[in-house]
Structure formats: C-alpha cells, structure tokens
Amino acid sequence: MDHSRRGSLVGSLFDAVVRPSEFVTVQEESAFRTRVALVRQLAGLTVFYLWNVLLYAAPLTLAGIGFTTNATAPAWFAGLTGSLVATPDTLWRLTVGLLQNSAFLTIATAVVLVSYHGAVMLVAGRDGLLKSFHTVVYATGAYLAALFTGVMYLSTASGLGAAESLVLNLQREGFYLVIDWVGADVSLPGGRPDQVVAGAVSPTGQMVLALLGVASLYFLYSLYLGARINHGMGRSRATAVLLAVSMSPVLYIGGSVVYSTVIL
Amino acid sequence: MTTQVHHTNEETSDGTDSEASDEPDEPGEPTLARVHPSTKPVVLRFALYLVAGLAAIGVFFANPQLLGSRDLTNVGLLLVQILTAIALARQAVAFVVLRSTEYVVTPTAVTKRYELLGRSETRQVPFERVRSHELSQSRVEKALDHGTIMLNQGLGGLRLRNVREPFDVYDVIQRQARA
C-alpha cells in the first residue's frame, strides 16, 4: 500500500483530488488491533475532523456569515476571557459564528455516518464502526465541506441568484418527487417551482454549479471506495451501500412528509 | 472479469503486526527478482479517457439543449470537462509514479519503492509476515501478459501492479513464502 501524504495540507489536497483511494484508505491495520490503538485512532480522526470543520467554518465566519455583530458576551464568558483579550464581545461573536457555521456540516456528518454504517451493517452484516467513521470523516471533511462551501458561496455572492435558485429549485423538486410518490396532501412554503432554471445563469454561476457536481461525485465515490477498501467489499456490495446512502435523503424527506401529515 | 491465483498462509499469520513496513531490504542480500511495472495499461486508460471525454464534450457541443436549457447544458459541459481533466491528470500521475517504481524480491522480503516529486517511498513485506498472496489479471492485463500481485489482502497489504510476466515473479514469491 502506498503512503498517503496526509502530513501536509497540500499533500492531502493532492490526494483528495488525484488519489481519492489513498485519501480515504485506512493506512495501518494495526490501528484496529488493540483497545489503546483504537482510542488513539479515534482521537486522531476526531482531531482531523475538527481541523477540517475549522478550515471550513473559519473563512465563512471571517467573511461575516453567521457573525452576529450586535451580540454581547455573557458574563461568564467575559469573566473567563477578560484577562486574555481586550474585547471579549468580539471573541464571543467569533465563537458563536464558528459554532453556527460548523453546525450544518457536523449534523450532515452524523447523518451520513449513521446511514453509511447502517448500510454497511445491512449489506455486509459486519462491524467496523471505526472504519466507517474513518471513511465518513475523510469524505465529509473534504468533499462535503467543499459542497457546502460552494452552496454558501452561491447564496452570499452577488450576481449568482439564478444559480442559487436553480439549486433551491432542484431541492424543491426532490421534495415534491417524494410528496407526489407518497400522494401526501402537503406543500412547501413558496409552493412548487414553475421551472427549475429561473433566469439566465451567469458563467461564474455555471462554473460553481459544475464544481458542486464534481464535489458531489467525489463524495459518493469516496464512500464507495471506503466500502471497497476499508470494509473489503466487492463491487456489487459497495454499490449497494452507496445506493442505500443515496436513499437516505429520500428517507429524510419521507419522514418529514409523514411528520407533517400524520403527527402535526 | 479477472483471473486469480490465490493462496492463504494461515500458519504465518501470528496475529501480530503483519502489514507492510517501511524499512529497506537488508544490504548485501541477493536479489531474486527486480521488476519495473509496465506503464502500458496506464497509457491505454489515458487514451480511453481522452477519447471518451472528447466524445462526451462533442455531444454537449452538438446539442446545446441537451439538458433542457443552454445554461444547464453548459453546466454539464463544464462538469464533463473538469472530470476529464481530473481523470487524465490521475493517469498522468500514475504514469510518473509507475515509471519510477520498482518491485524487488529478496530471500527475506518483497519491497516496493517509488519516487514522486523528489520524494522517495519504500514499502516492504517480510516473507515471515506474509499471510496471503494472490495474483490477478484483469482483461487488459491478461491481453498484455501483465498481472497484479497482492500480498496480505486488505488493510496493510502490498499491491504490485502491472507486473510484466507476472507468473514468473509470482512463482518466486510463492517459493519464498513457502520456504
């Protein structure tokens, strides 16, 4: 097995784009042999994941997204950091902004981990939660974070309104596909989109949409590679895992429809 | 479809650290086989991806309304262009890596060495830690009389890709693994 160059950011980026199999592969089997090694591996993966979340959330926060300019720090926070920084309020706003911007990616990672490992258990009936965690941490830390960054860029940059509405309309169409399939009498706020492409998409918008497509494909491919390499599955089983993971948004939408029609 | 010759050696699996190590082979050891992997399959894949990518790009250019609107078709075209560029870049990197890779079989270990951007890497599996070995040939490899030899299938294994005359090399490895 070749070494992955995860020691450097450039090396990781290179592997993520050019050698995704090296990127998601668990490098050493000995990491799973003893309890101490397992804990060490888990701690390493968690730190790696948090670092990636920070890399994702920090630029967004510094760009002013999720940065609430008028919030003041609570007394306990001001007391805790008052001796360290001159303006605890600014540090508080920065911290809240970072947490808000990290929340979506963290929730998405948890959802992917549950659906991915559930699919692995269902298809192959084997354990290996840490191997699933490894795969999901690398897949979401790189490709899903890139996907979220792209969507965030679409929603905040000027002149990309048509591209943004296209993404939103595609999501709405996905919801209505399930709603129509179930035959439920519900509708989304704003109703069904008249057309998916609402207006001319600028060249920059087209490029961002294409990059979102690439990031999505990489994300799915990395999960497939994780099933193949880390869990030792054949092509058909790994494809079944991928299909099961791809079905999780359908389950989410279906659950939302049932919740809004039966429970509410 | 792949052709496979597989062997599992449970006796040598002692449950300890059996993955490839990074240590170079012993100095002064005789070399039983020294192989440079073939780059032909990579060149073939490069050509295949290039042709397929250009064909897909041509289809998008010829049908501006392929995805329902000109804008969406442009997005599809950009997507195909990016994926083609990445696929070609991957094969180019694989070509460079394979060109500087060598597989060495000594009486005590199988070693794989390669250099990439001035950085050399070595992976080694000592025969005493080989618990399984396998020779497989994809359709392309079979047509070219190449093969892939895998030591210790799964995590921590060593994969020797695109080995020329693979049965000869595999024979040497089998003999040493049995010794």
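Refer to the structure above for everything that follows.
Residues numbered from 1 in each chain as written. Chains lettered and ligands numbered in written order. Predicted model: local features only at pLDDT ≥ 70, side-chain atom pairs only at ≥ 80, totals over all residues. Heavy atoms only, no water.

**Some remarks on the overall build of chain A**
Counting secondary structure elements, chain A contains nine helices and zero strands. Counted from the first residue to the last, chain A has its helices and strands arranged as α-α-α-α-α-α-α-α-α. Looking at chain A as a whole, 42% of its 264 residues qualify as buried. Contacts in chain A between residues far apart in sequence, at least 24 positions, make up 65% of those at least 6 positions apart. With an accessible surface of roughly 13700 Å², chain A has 69% of that area assigned to carbon and sulfur atoms. Taking the average location of the 14 positive side-chain charges in chain A and that of its 12 negative ones, the two points are 11 Å from each other. (Helix = DSSP H or I, 4+ residues; strand = E, 2+ residues; numbered from the N terminus. Buried < 20%, exposed > 50% of the residue type's maximum accessible area, 1.4 Å probe, protein only. Contact = heavy atoms within 4.5 Å. Areas by Shrake-Rupley, 256 points an atom, 1.4 Å probe, with all protein chains shown as cover. Lys, Arg positive; Asp, Glu negative; His and termini not counted. Charge placed at Lys NZ, Arg CZ, Asp CG, Glu CD.)

**A short note on the overall build of chain B**
Each helix and strand counted, chain B has four helices and eight strands in total. Secondary structure elements in chain B, listed N-terminal to C-terminal, are β-β-α-α-β-β-β-β-α-β-β-α. Among the 179 residues that make up chain B, the fraction classed as buried is 47%. A separation of at least 24 residues holds for 58% of the contacts in chain B among residues at least 6 apart in sequence.

**Notes on the packing of aromatic side chains**
Residues and elements named next belong to chain A. Inspection of every chain in the model, using the stated rule, returns nine aromatic pairs over all chains. Aromatic side chains Tyr221 and Tyr224 sit 6.4 Å apart centroid to centroid with 15 degrees between the ring planes, which places their arrangement in the stacked category. Of this pair, Tyr221 and Tyr224 both sit in helix H8 (residues 203-230), separated by three residues, roughly a single helical turn. Residue Tyr221 is classed as partly exposed on the basis of its relative accessible area of 33%. Among the aromatic residues, those joined into a cluster by ring pairs are Phe23, Phe48, Tyr138, Tyr143 and Tyr218. (Phe/Tyr/Trp six-rings, centres within 6.5 Å; stacked < 30°, edge-to-face > 60°.)

**Quick look at the nonpolar core**
If you look at the biggest cluster of nonpolar residues, it comprises 59 residues, and the most contacted ones within it are Tyr116, Leu154, Leu209 and Leu223 of chain A. Of all the secondary-structure elements, those providing two or more residues to this core are helix H2 (20-24), helix H3 (35-62), helix H5 (88-124), helix H6 (129-156), helix H7 (161-182), H8 and helix H9 (235-263) of chain A together with helix H2 (70-99) of chain B. Beyond its immediate stretch of four places on either side in the chain, Leu223 of chain A contacts Val112, Tyr116, Thr135, Val136, Ala139, Leu242 and Val245 of chain A. Judged by nonpolar contacts, the second largest core, of 22 residues, contains Val35, Leu98, Val169 and Ile173 of chain B. (Core = buried A, V, L, I, M, F, W, Y, C linked by side-chain atoms within 4.5 Å.)

**Notes on the pattern of salt bridges**
Residue and element names in this part refer to chain A. Inspection of every chain in the model, using the stated rule, returns five salt bridges over all chains. The salt bridge partner of Arg19 is Asp15, with a shortest N-O separation of 3.0 Å. For Arg19, a relative accessible area of 11% puts it in the buried group. On the basis of relative accessible area, Asp15 is assigned to the buried category, the value being 0%. (Salt bridge = Lys/Arg side-chain N within 4 Å of Asp/Glu carboxyl O.)

**Some thoughts on the pairing of strand E4 (residues 109-116) of chain B**
All names here are of chain B. In terms of burial, E4 is a largely internal element, six of the eight residues being buried. Examined bridge by bridge, strand E3 (residues 102-105) and E4 share four bridges and lie antiparallel to one another. What sits directly across from Tyr103, in E4, is Lys112. As consecutive antiparallel partners, E3 and E4 are separated by three residues. Across eight bridges, the pairing between E4 and strand E5 (residues 119-126) is antiparallel. Paired with Val110 across the bridge in E5 is Val125. (Pairing = 2+ DSSP bridges.)

**A closer look at the side chain of Thr25 of chain A**
Looking at where Thr25 of chain A falls in the secondary structure, it is placed in the loop between H2 and H3. In terms of polar contacts, Thr25 of chain A uses its side chain to reach the backbone carbonyl oxygen of Ser21 of chain A, at 2.3 Å. (Polar contact = N/O pair within 3.5 Å; in protein donor to acceptor, adjacent residues only side chain to side chain.)

**Focus: the sheet that holds E5 of chain B**
Residue and element names in this part refer to chain B. Strand order in the open sheet made by the four strands is E2-E3-E4-E5, with antiparallel pairing throughout. What marks the edges here is a single partner per strand, and that holds for strand E2 (33-35) and E5. Across the sheet, the axes of successive neighbouring strands diverge by a mean angle of 15 degrees, strand direction being ignored. (Axes fitted to C-alpha atoms, helices over the stretch in contact; angles between N-to-C directions.)

**Observations regarding unusual backbone geometry**
Residue and element names in this part refer to chain B. Even without being glycine, Asn162 reaches a positive phi, approximately 55 degrees. Turning to its location among the elements, Asn162 is positioned in strand E8 (residues 158-164). The class of Asn162 is buried, set by a relative accessible area of 3%. If you check the backbone angles, Glu165 has positive phi at about 40 degrees while not being a glycine. As for its position among the elements, Glu165 is in the loop between E8 and helix H4 (166-178).

**Quick notes on the environment of Arg235 of chain A**
You can see Arg235 of chain A is positioned in helix H9. Not counting residues within four places of it along the chain, the set of residues in contact with Arg235 of chain A comprises Tyr224 and Arg228 of chain A.

**Some thoughts on the layout of surface pockets**
Size it by volume and the second largest pocket reaches roughly 1900 Å³. Contributing to the lining of the second largest pocket are 40 residues, with Leu144, Leu147, Phe148, Gln171 and Pro249 of chain A lying nearest its centre. The set of elements that each furnish at least two residues to the lining of the second largest pocket consists of H5, H6, H7, H8 and H9 of chain A together with H2 of chain B. Considering each element in turn, the lining of the second largest pocket owes the most residues, 11 residues, to H7 of chain A. Class assignment for the residues of the lining of the second largest pocket results in 31 nonpolar, seven polar and two charged. (1 Å grid on protein atoms, 1.4 Å probe; cavity = no way out; pocket = protein on both sides within 12 Å on 5 of 7 lines; lining within 4 Å. Points joined across faces, edges and corners; volume = space filled by probe spheres on them. Nonpolar A, V, L, I, M, F, W, Y, C, P; charged D, E, K, R; others polar.)

**What to know about the packing of H6 of chain A against H8 of chain A**
Residues and elements named next belong to chain A. Closest axis-to-axis distance for the H6/H8 pair is 9 Å, and the angle between their directions is 175 degrees. Taken together, the axes of H6 and H8 lie roughly antiparallel to each other. Considering only residue class, the contact of H6 with H8 consists of 16 nonpolar, eight polar and one charged. (Parallel < 35°, antiparallel > 145°, perpendicular 65-115°, else oblique.)

On their own, these measurements won't tell you what the molecule is for.
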